[in-house]
Amino acid sequence: MLPHLDRKLLRDLKRLKGQAAAVSLVMACGLAMLIMARSLIHSLDSTRAEYYQTNHFAEVFASLKRAPNDLAARIAALPGVATVQTDLAVPVTLDLPGIAEPAGGLVRSLPDFGAPELNRLFLRRGGWLSPGARGEVLVGEAFATANALNPGDTLAMLLNGRRQTFRIAGIVLSPEYIFESRPGAALPDKRTYGIFWMPYKELATAWNLYGAFNHVGLTLAPGAAEKPVIAELDRLLRPYGGRGAYGRKDHPSHIRVSDEIRVLTILSVGFPTIFLGVAAFMTNAVLSRLLALQREQIAILKAFGFTNRQIVIHYLKFAFVMVAGGVLFGLLGGIFLGRKLVIMYELFFKFPDLVFRLDGTAVAIALTVGLGAVTLGVFSSVRKAARLPPAEAMRPEPPASYRPSYLERLGFQRLLSHSFRIAVRNLERRPMQALFTVAGLALATALLILPNTFKAGIAEILDFKWDVVQRQDINLGLVEPSSARLAHELAQLPGVTSLEPSRYAAVRIHFQGRTRQIGLRSLLPGAMHSRAVDSANREIAPPTDGLIVSAKLAQVLGAKVGDLLVVEALEGRRPVKSLPVVGLAEDFTGITAYMELHAINRFLGEGDVITGASLGLDLSRRAEFLAALKEIPRVSSVAIKESLRKSFRETTAQMMGLIQSIYLFFSVVVAFGVIYNNARISLAERARELATLRVVGMTQREVGAILVIELVILAVLAVPLGLACGTGFATVIISSVNTETVRLPLVFTSYTYTFAVVVVATASVFSALVVLRKLKQLDLIATLKAPE
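Q: Can you help me understand the packing of aromatic side chains in this one?
A: When we look at a pair of aromatic rings, we describe it by the centre distance and by the angle of the planes. On inspection of all chains with the given rule, the structure shows twelve aromatic pairs. Taken together through their ring pairs, the aromatic side chains of Tyr 52, Phe 57, Phe 61 and Tyr 246 make up a single cluster. Residue placement shows Arg 256 over the ring face of Phe 179; its charged tip is 4.2 Å from the ring centre.

So this is what it looks like as structure tokens:
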């Protein structure tokens, strides 16, 4: 048999089930996001760590022009080096049936016999390369899936100008390409870019590289520091065209997974904190109202021998039941949403087995945080009520002072109805309660701002990135830096309406002890295609002796306009030069620096050289242009703007859109829950007062107007505050989740604010209708029989 206080607890919960359910629902939203985000972090981090360990992922990497295989022994002898793996990495052009645009990729070599020491592959389908066989290739899963390729299919490749046909032996994954994209690209293009593997001898023979390597990976000995090893490796590879060694933390694929984990970490704190803050306000309102109505019951309990401690625990149990409901539904919601997002992550990240792994620590944190939030919200009120002496608690609360409100004292009483005056007086006599209610409503309103800010940011990228900054139709990349005369040949291709040559160089930038390895890109004065623009969308003219850098790069380095950056080229003669920052470019993918085309060539000590071009195209001749382009072997990559935009929509935008939809749904639920809860509490608190007004002659409509007017006044006060708070929350959270690879612009539109206002207004109308219906059903006699 249940103890007396527990039976009382069940009766209280049954009577206040609506308010308790609203609090649990709001808490469940916050805890679901906490559990979802923390579990996704655990899933990604643990899966990546296991993958790296099982497949022996290297810790330091370097690319170079060409070095003899004998150099591997000297690399292995460097202090701090444990294992060395050398191989070849060469670009390839593909001819895929059914795809008009040229496709490309990167071919990596594998030992002719045996498995590699590092960066071992995972076989998804098919088989491994047959020892000593020729004409076989392994294909990365991302590219194979996008092009419906299967083991046994054939693939036409253009290797060093020679067209060859290969049989696909198997579909594989590699720890080096968890995120698979073109070098320097922030977005995947799985349909026209892939990674392939073939035996060393066959690849080396095709590229005249037999007995040499152009890529190296290594692991560190236990306790070895990474920086000294990178410095020594750089020194050793410099005579062989070394392009700068880097550690695992700077590996492009590793960075993308780490950035996603960082974003999830921030979201696992930001949103749940706000949601649980709202839940604390709501719990305080429910318990305060319950304690006020049960003063006499508390006195009777104390008179019958229940201690203050027992009474405090009894009312805290009421709050903890709501926490238990919130944690249960938050756990179920977090698991459901986490599994949905894991499916989305498979669009980006290729692991052998990425599954949702519930983080037990997250559940414990959710329970602890939930209990802490409600305890903080109600403990002082519960303790204060329990300390009331029985004799004092048996007496009703002193009647409130119903003096004229501030508006009445200003002389507006004749303009105000009785209902309005009563509503305003009630708010003025309980200012702290009104303040807490406004704070809760404001937080609920603020939550509605951030999801639509995400949505507006995605739309801004789709317009800004491809229509303002990059106005060309196609970007071409060359296999090797070539004479600028090639631009004239490209300009003669069918359908080309405009062409601007471009230069790209890998550089390392240093500033006050901070370093980043990035791409240095060219700009042309008065360019019609690629431009650099500032935060106000004003074009920045390319300097002849200075740098334009990404605003994010400047932030990472701690640099500002006018500062001198040390720029170290990672190719050719590897010159080093100090250059001033002359402008900050606003971009939303990657970090880069820009110089005028001829200035880059002067810096590198080269002549009139280009590495690519951007083209404007007569779209009616697109097919003819692409067919002609396939006949130019020096073109290694083709990036079509509309294909990139489509890829962004299908990957990054779809992922962000799903997260935005989840948060938007939760925010709407919270807004309705908060407003509904406040309306129900207001009715329950004043049931006797409203019944008395009905008995003394006020109509149902006039009595209902008192509650509706209170609700409207509180909403009118809370909404502007909530919009301001929401703007602040969105600014902080979006600024925090912006990474070096992908960033969202901070965009506030009229739709964002209008949506928040409409949701609050709709929730208010809905709650008012529910309260008016409950008021109509109020039993006046039973209500007025309550003891004094």
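Q: Before we go on, may I ask you to explain the nonpolar core in this structure?
A: For soluble globular proteins, the rule of thumb is that nonpolar side chains tend to be buried together. Phe 318, Tyr 345, Phe 349 and Val 670 are the most contacted members of the largest nonpolar core, which totals 129 residues. In contact with Phe 318, other than residues within four places in its own chain, are Leu 9, Asp 12, Leu 13, Leu 16, Val 286, Leu 287 and Leu 290. One finds Ala 103, Val 137, Ala 144 and Tyr 200 within the second-largest nonpolar core, a separate group that totals 27 residues.

Q: Looking at this structure, how should I read the sheet that holds strand β19 (residues 592-596)?
A: Spatially, six strands are ordered β14-β15-β19-β16-β18-β17 in a closed barrel, and the strand pairing comes out mixed. Strand-to-strand twist in this sheet, taken as the mean axis angle between neighbours without regard to direction, amounts to 45°. Docked against the sheet, helix α18 (residues 597-604) engages β14 (504-511), β15 (514-523), β17 (564-569), β18 (576-585) and β19, running at close to 100° with respect to β19.

Q: Got a minute to help me understand the state of the cysteines in this structure?
A: Covalent bonding between the sulfur atoms of two cysteines defines a disulfide. Overall, the coordinates contain zero disulfides when judged by the stated rule. Cys 29 takes part in no disulfide bond, and the closest cysteine sulfur, belonging to Cys 725, lies 20 Å away. By relative accessible area, Cys 29 is classed as buried at 4%. Take Cys 725: its relative accessible area is 27%, and that puts it in the partly exposed class.

Q: Hey, could you run me through helix α24 (residues 750-776) in this one?
A: An α-helix turns once per 3.6 residues; consequently, residues spaced three or four apart project the same way. Given a rise of 1.5 Å per residue, 27 residues ought to cover 39 Å, and the 39 Å separating the end C-alpha atoms of α24 matches this to within 8%. Those residues of α24 that fall on the buried side of the exposure criterion are Thr 752, Ala 756, Val 759, Val 760, Ala 763, Ser 764, Ser 767, Ala 768, Val 770, Val 771 and Leu 775.

Q: Just checking my understanding: could you explain the sheet that holds strand β21 (residues 635-640) for this structure?
A: The pairing of strands in a sheet comes from backbone hydrogen bonds and takes either a parallel or an antiparallel form. The sheet built from four strands is open, its strands ordered β13-β20-β12-β21 with antiparallel pairing. Bordering the open sheet on either side are β13 (496-502) and β21, each of which pairs with just one other strand. Along the sheet, successive strands turn relative to each other by an average axial angle of 25°, direction set aside. Two elements, strand β12 (residues 474-483) and strand β20 (residues 609-617), share six bridges in a ladder whose sense is antiparallel.

Conventions adopted
- Residues numbered from 1 in each chain as written.
- Predicted model: local features only at pLDDT ≥ 70, side-chain atom pairs only at ≥ 80, totals over all residues.
- Heavy atoms only, no water.
- Phe/Tyr/Trp six-rings, centres within 6.5 Å; stacked < 30°, edge-to-face > 60°.
- Lys NZ or Arg CZ within 6 Å of the ring centre and 35° of its normal.
- Core = buried A, V, L, I, M, F, W, Y, C linked by side-chain atoms within 4.5 Å.
- Buried < 20%, exposed > 50% of the residue type's maximum accessible area, 1.4 Å probe, protein only.
- Contact = heavy atoms within 4.5 Å.
- Pairing = 2+ DSSP bridges.
- Helix = DSSP H or I, 4+ residues; strand = E, 2+ residues; numbered from the N terminus.
- Axes fitted to C-alpha atoms, helices over the stretch in contact; angles between N-to-C directions.
- Disulfide = S-S within 2.5 Å.
- Expected span 1.5 Å × (residues − 1).

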